[in-house]
Amino acid sequence: MKDTPSGRKPLLVTVLVFPGVRLLDVTGPIEVFASANDFGGRYRVRTVSPDGADVVTAAGTGMSVDMPATQAQDVSDVVVVPGGPEWPSLVKDDALLDTVRELDARSRRTASICTGAFLLAAAGLLDGRTATTHWRFADQLALRYPRVTVAADPLFVRDGHIMTSAGVSSGIDLSLALVEEQFGADVARSVAKDMVVFMQRPGGQSQFSVRTQSPRARQEMLRRVLDTVAEDPSADHSLASMARRAGVSPRHMTRLFHEEMTTTPARYVERIRMEAAQAMLEGGDDPMATVARRTGFGSPESLRRAFTRNLGVTPGTYRARFRTTEAADTSDPTDSAGVRHP
């Protein structure tokens, strides 16, 4: 990666658009960079298409374009490559892939959103790199492009000068990480608050929640119990309480968890509470007593024991570690001049 300029002039963000592009892949990052300008950031955002023509997005909305990509000859600090639902045909569009390569060659940072990773991979820009995309398409990315190491879980991944993100909303997380990298955490945090989104969703955070990762319960009454736990982790979710709620015996409830969820009731509740506590620690400054009470742990000591047992760190250490959006960089360091390495 090359170093970003000193800030004497706005950082240039070039967003590639094309027919069938997913609208939020484009507007999410643009809103982040535009909002950053209100809080001390300095960005100039432009949109380009391969031929300069306006496009119709996958949502059917028309989108105007500032210029053809061929006229964008100056170096971009960030190039954003969004995705689209028709990515299987997009990766066969030679003109579009040539545009991706040309923009990347004149960029300090290239970032894909969702299935935009397929365009980077088809253009050869992910060969030998680690990348992510929406979890639904991770297997297909790995199968089609075996030279790419696909990480299906993270929200976004940084490898050298290239960043790739997961589902469409994670493009906002990635963009906030870039704002933090370029203008500092205070600016990024202000943008996140302005947009009413969490800043502290680090790149390494999972795309999945406990509820979505868990097996789907076959019994309707068990599904209702699971929903109740997820909706209010601080409530009484003892075995007796859950059994009473479901109208079964504690022994039967234990058996249902074992057969359908492959875990115990207590362990499942703790996982839900851990996830809620992690979100509070990542996204706010509430005292530990408040975090413990609102997530069902009751006391800071119980919260501390749960974090140490599950994560090997205290809640305070966890909060300090995740006060940044930074993703792990899987690449080798650049040299002292900041020259990008292939």
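Residues numbered from 1 in each chain as written. Predicted model: local features only at pLDDT ≥ 70, side-chain atom pairs only at ≥ 80, totals over all residues. Heavy atoms only, no water.

Asker: Explanation requested: the overall build of the protein chain in the structure shown.
Answerer: Counting its regular elements, the protein chain contains 15 helices and 11 strands. Looking at the protein chain residue by residue over its 342 residues, the buried ones come to 48%. Across the protein chain, contacts joining residues at least 24 apart in sequence account for 67% of those joining residues at least 6 apart. Total accessible area computed for the protein chain in this model is approximately 15600 Å², and 51% of it derives from carbon and sulfur atoms. (Helix = DSSP H or I, 4+ residues; strand = E, 2+ residues; numbered from the N terminus. Buried < 20%, exposed > 50% of the residue type's maximum accessible area, 1.4 Å probe, protein only. Contact = heavy atoms within 4.5 Å. Areas by Shrake-Rupley, 256 points an atom, 1.4 Å probe, with all protein chains shown as cover.)

Asker: Can you help me understand the packing of helix α9 (residues 220–231) against helix α11 (residues 250–261) in this one?
Answerer: Any two packed helices are characterised by the angle at which their axes cross and by the distance between the axes. Interaxial distance between α9 and α11 falls to 11 Å at its minimum, and their mutual angle equals 90 degrees. Here α9 is positioned roughly perpendicular relative to α11, judged by the angle of their axes. Residue-level inspection shows Met221, Leu222, Val225 and Leu226 of α9 in contact with α11, the latter providing His252, Met253, Leu256, Phe257, Glu260 and Met261. (Axes fitted to C-alpha atoms, helices over the stretch in contact; angles between N-to-C directions. Parallel < 35°, antiparallel > 145°, perpendicular 65-115°, else oblique.)

Asker: Explain helix α1 (residues 23–36) here, please?
Answerer: For the α-helix, the turn length of 3.6 residues means that residues three or four positions removed from each other point alike. The terminal C-alpha atoms of α1, which comprises 14 residues, lie 20 Å apart, in line with the 20 Å expected from a rise of 1.5 Å per residue. Residues Asp25, Val26, Gly28, Pro29, Val32, Phe33, Ser35 and Ala36 constitute the buried set of α1. In this fold, the buried residues of α1 make contact with β1 (11–16), β2 (43–49), β4 (62–63), β6 (78–81), α6 (170–183) and α7 (185–195). (Expected span 1.5 Å × (residues − 1).)

Asker: Teacher, can you tell me more about unusual backbone geometry here?
Answerer: Residues other than glycine predominantly adopt negative phi, and peptide bonds predominantly adopt the trans conformation. A positive phi angle is found at Cys114, which is not glycine, with a value near 55 degrees. Position of Cys114 relative to the elements: it lies in the loop between β7 (110–112) and α4 (116–122). Positive phi values are uncommon outside glycine, yet Thr262 reaches one of about 50 degrees. Looking at the secondary structure, you find Thr262 in the loop between α11 and α12 (265–283). Classification of Thr262 as exposed rests on a relative accessible area of 61%.

Asker: Is there a simple way to think about the sheet that holds strand β11 (residues 162–165) in this case?
Answerer: By way of backbone hydrogen bonds, the strands of a sheet pair with one another, either parallel or antiparallel. Spatially, seven strands are ordered β5-β2-β1-β6-β7-β11-β10 in an open sheet, and the strand pairing comes out mixed. At either end of the open sheet lies a strand with only one pairing partner, and these are β5 (67–68) and β10 (156–159). Against the sheet, helix α3 (residues 94–105) engages β1, β2, β6, β7 and β11, with an angle of about 170 degrees to β1. Set on the sheet, α6 makes contact with β1, β2, β6, β7, β10 and β11; between it and β11 the angle comes to about 145 degrees. (Pairing = 2+ DSSP bridges.)

Asker: I'm lost on the confidence of the model for the protein chain in this one. Help?
Answerer: Looking at the protein chain, pLDDT values average 85 and 85% of them are 70 or higher. The model gives residues 1–7 a pLDDT under 50, and that stretch makes 23 contacts with residues more than four places away or in other chains. Low pLDDT, under 50, characterises residues 330–342; the predicted model gives this stretch 26 contacts beyond four residues in sequence or across chains. (pLDDT = per-residue confidence, 0-100.)

Asker: In this structure, what is going on with the packing of aromatic side chains? I would like to understand it.
Answerer: Aromatic ring pairs: the centre-centre distance and the angle between the two ring planes describe each pair. Counted according to the given criterion, the structure contains seven aromatic pairs. Centre to centre, the rings of Tyr43 and Phe183 are 5.1 Å apart; their planes meet at 75 degrees, and the pair counts as edge-to-face. One end of the pair, Tyr43, is in strand β2; the other, Phe183, is in helix α6, and 140 residues separate them in sequence. Looking at Tyr43, the relative accessible area reads 6%, which means it is buried. Judged by relative accessible area, which is 23%, Phe183 ranks as partly exposed. Between the aromatic rings of Trp87 and Phe118, the centroid separation amounts to 3.9 Å while the plane-to-plane angle is 20 degrees, which identifies the pairing as stacked. Here Phe118 lies in helix α4 and Trp87 lies in helix α2 (residues 87–90), a separation of 31 residues in the sequence. Exposure remark for Trp87: the relative accessible area of 4% places this residue in the buried category. By way of ring pairs, the aromatic residues Trp87, Phe118, Phe137 and Tyr145 are connected into one cluster. (Phe/Tyr/Trp six-rings, centres within 6.5 Å; stacked < 30°, edge-to-face > 60°.)

Asker: Would you mind going over the pairing of β11 with me for this structure?
Answerer: Both faces of the sheet carry side chains from a regular strand, because those side chains alternate between them. Covered by surrounding structure in β11 are Ile162 and Thr164 together with Met163 and Ser165, the residues of both alternating faces. A loop of two residues connects β10 with β11, the two strands running antiparallel in sequence, and Gly160 in this loop sits at a positive phi of about 65 degrees.

Asker: Explain the pattern of salt bridges to me, please; I cannot follow it from the model alone.
Answerer: Opposite charge on two side chains lets them pair, provided their charged atoms get close. Counted under the stated rule, the structure contains 16 salt bridges. A salt bridge links Arg108 to Asp77; the shortest N-O distance between them is 3.2 Å. Here Arg108 is found in the loop between α3 and β7, whereas its partner Asp77 is found in the loop between β5 and β6, with 31 residues between them in sequence. (Salt bridge = Lys/Arg side-chain N within 4 Å of Asp/Glu carboxyl O.)

Asker: What's the story with the packing of α6 against α7 in this structure? I'm lost.
Answerer: For the pair α6 and α7, the least separation of the axes is 7 Å and the interaxial angle reads 145 degrees. Along the contact surface, α6 presents Ile172, Leu176, Val179, Glu180 and Phe183, while α7 presents Ala185, Val187, Ala188, Val191, Ala192 and Met195. Split by residue class, the contact of α6 with α7 holds 10 nonpolar, no polar and one charged. (Nonpolar A, V, L, I, M, F, W, Y, C, P; charged D, E, K, R; others polar.)

Asker: Help me understand the environment of Leu24, please; the structure alone is not making it clear to me.
Answerer: With respect to the secondary-structure elements, Leu24 resides in helix α1. Among the residues examined, Leu24 registers a relative accessible area of 38% and is labelled partly exposed. As for Leu24 and Pro82, which are separated by 58 residues in sequence, their C-alpha atoms are 8.8 Å apart.

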